[in-house]
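Remarks on the overall topology
Okay, here's what each chain looks like letter by letter:
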Amino acid sequence: MLIDKPQAVEPVVFLRGDPRRRGDRVSRHFLEVLGGGDARPFTIGSGRKELAEAIADPNNPLTARVLVNRVWLHHFGHGIVDTPGDFGFRSNPPSHPELLDWLAATFIENGWSVKQLHRLIVLSSTYRQSSEPAAAAENGPLLETIDPDNRLLSHANRRRLDFEAMRDAMLTASGNLDRSIGGRAIELSAEPFTGRRTLYGFVDRLNLDPVFSTFDFASPEVSTPERPNTMVPQQALFGMNHPFVIEQARALCSTDEFKAASDDITRAAVLYRRVFSRDPTADEQQLAAAFAAATSTVRDDSIPPAVWRHGYGAAEPTAPDEDRFHELTFFDGRNYQVLCVGEIAKLIFID
């Protein structure tokens, strides 16, 4: 519990940051660079309440714009100001300054309601655009050649799902999503796998679940205004091999509708409707049929099937076969381990 002192301490300026060299006393007040030179000193207790009120003051030009910009970044993948954690002199100017001002003013008029802000953005014609670039004019060049970063928002930006949304989408498609609200955090990688929303995943600051770091999960130890966006092999391997994904795929193929399908084309249509909420195109039907035919081909039992194996070894084709690959057999429940110091673990596809 925090208790204010009977008499608040008046802070002083430490000259050149040296606590032994005390300068002038400074009253507790809002930042002059934001509040102007006539900022009044805080007089109520420690001043925390007055500081919060000054930050959320409608006359503060920064707070509403920063929040609006981050919500815009969430929906469009790119903020109006492309540095959501820096609105200072080092940041680039906003791409649409009038829009940023109008959204901030509307946000304040609506009582700082984030829900109203989300509704305003997602119901706009800009948000509901197709991701297909349009021509700048009749028989003219595509706008993507004029505006390659789509800063003019002529079409929707194609974006990848973050890990939380992707995992929840898998659970929804398979019918295993637990929609209950509230409760304790759960281990996402612990078997049997939970169907709870990823929002309730347990985050250990000292031992972060590897599946989080694989998909650019924000560091729990520092403030992260914008997630990094990487594309690494481990992300594809998660979708191909992770037991959680395999479990959802089996559940998806165990539905009554899928079992009642009479042929591969019908089964593909069932899967597309369940996963993508649409019917497959003719090309997608042919791909699905070809894939089903390839996987159902009778194989020679003397030839081991193609599998993914975890191991390490030399990647040079000139190395002897016995030095090319050494399989990792030790699994601690979360990671495959390299037992030899100095070796580099690799994922190698053995056909």
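The text that follows walks through the structure, step by step, so that each part is easy to find. (Residues numbered from 1 in each chain as written. Predicted model: local features only at pLDDT ≥ 70, side-chain atom pairs only at ≥ 80, totals over all residues. Heavy atoms only, no water.)

A few words on helix 12 (residues 264–276). Across its 13 residues, helix 12 extends 17 Å between first and last C-alpha, which sits within 8% of the 18 Å expected from 1.5 Å per residue. Within helix 12, the full set of buried residues consists of Ala268, Ala269, Val270 and Tyr272. Looking at the buried positions of helix 12, the neighbouring elements they touch are helix 11 (256–260) and helix 13 (282–295). Where helix 12 begins, the capping side chain belongs to aspartate 263, and its oxygen is found 3.2 Å from the backbone nitrogen of isoleucine 265. (Helix = DSSP H or I, 4+ residues; strand = E, 2+ residues; numbered from the N terminus. Expected span 1.5 Å × (residues − 1). Buried < 20%, exposed > 50% of the residue type's maximum accessible area, 1.4 Å probe, protein only. Contact = heavy atoms within 4.5 Å. Polar contact = N/O pair within 3.5 Å; in protein donor to acceptor, adjacent residues only side chain to side chain.)

Moving on: unusual backbone geometry. In this structure, proline 192 follows glutamate 191 across a cis peptide bond, with omega equal to -5 degrees. Here proline 192 shows up in the loop between helix 7 (163–174) and helix 8 (210–214). We note that arginine 16 has phi near 55 degrees; this positive angle belongs to a residue other than glycine. Within the secondary structure, arginine 16 is located in the loop between strand 1 (12–14) and strand 2 (22–25). For arginine 16, a relative accessible area of 80% corresponds to the exposed category. Not every positive phi belongs to a glycine, and leucine 153 is a case in point at roughly 60 degrees. Within the secondary structure, leucine 153 is located in the loop between helix 6 (143–146) and helix 7.

The next subject is the side chain of aspartate 216. Here aspartate 216 lies in the loop between helix 8 and helix 9 (233–241). Although aspartate 216 is buried, it forms no salt bridge, and the closest oppositely charged side chain is arginine 160 at an N-O distance of 5.0 Å. Not counting residues within four places of it along the chain, the set of residues in contact with aspartate 216 comprises Arg227, Pro228, Asn229, Thr230 and Gln235. (Lys, Arg positive; Asp, Glu negative; His and termini not counted. Salt bridge = Lys/Arg side-chain N within 4 Å of Asp/Glu carboxyl O.)

As enumerated under the stated definition, the model contains ten aromatic pairs in all. Pairing tryptophan 72 with phenylalanine 76 gives two aromatic rings, centres 4.1 Å apart and planes at 20 degrees, and the pair type is stacked. Placement of the pair is tryptophan 72 and phenylalanine 76 together in helix 3 (residues 63–76), with a separation of four residues, close to one helical turn. Like tryptophan 72, the residue phenylalanine 76 is buried in the burial classification. Between phenylalanine 163 and phenylalanine 238, the aromatic rings sit 6.3 Å apart at their centres with planes inclined by 75 degrees, giving edge-to-face as the arrangement. In this pair, phenylalanine 163 sits in helix 7 while phenylalanine 238 sits in helix 9, placing the two residues 75 residues apart along the sequence. (Phe/Tyr/Trp six-rings, centres within 6.5 Å; stacked < 30°, edge-to-face > 60°.)

Applying the stated criterion across every chain yields a total of twelve salt bridges. Residues lysine 49 and glutamate 53 are paired through a salt bridge, measuring 2.5 Å at the closest nitrogen-oxygen approach. You can see lysine 49 and its partner glutamate 53 sitting in helix 2 (residues 48–55), four residues apart, about one turn around the helix. A salt bridge links arginine 278 to glutamate 284, with the nearest nitrogen and oxygen atoms 3.0 Å apart.

Moving on to helix 3. Between its first and last C-alpha, helix 3 extends 20 Å over 14 residues, near the 20 Å set by a 1.5 Å rise per residue. Buried residues of helix 3: Ala64, Val68, Asn69, Val71, Trp72, Leu73, His75 and Phe76, and no others. In the core, the buried residues of helix 3 are packed alongside helix 4 (97–109) and helix 5 (114–122). At the exit of helix 3 stands glycine 77, carrying a positive phi of roughly 80 degrees.

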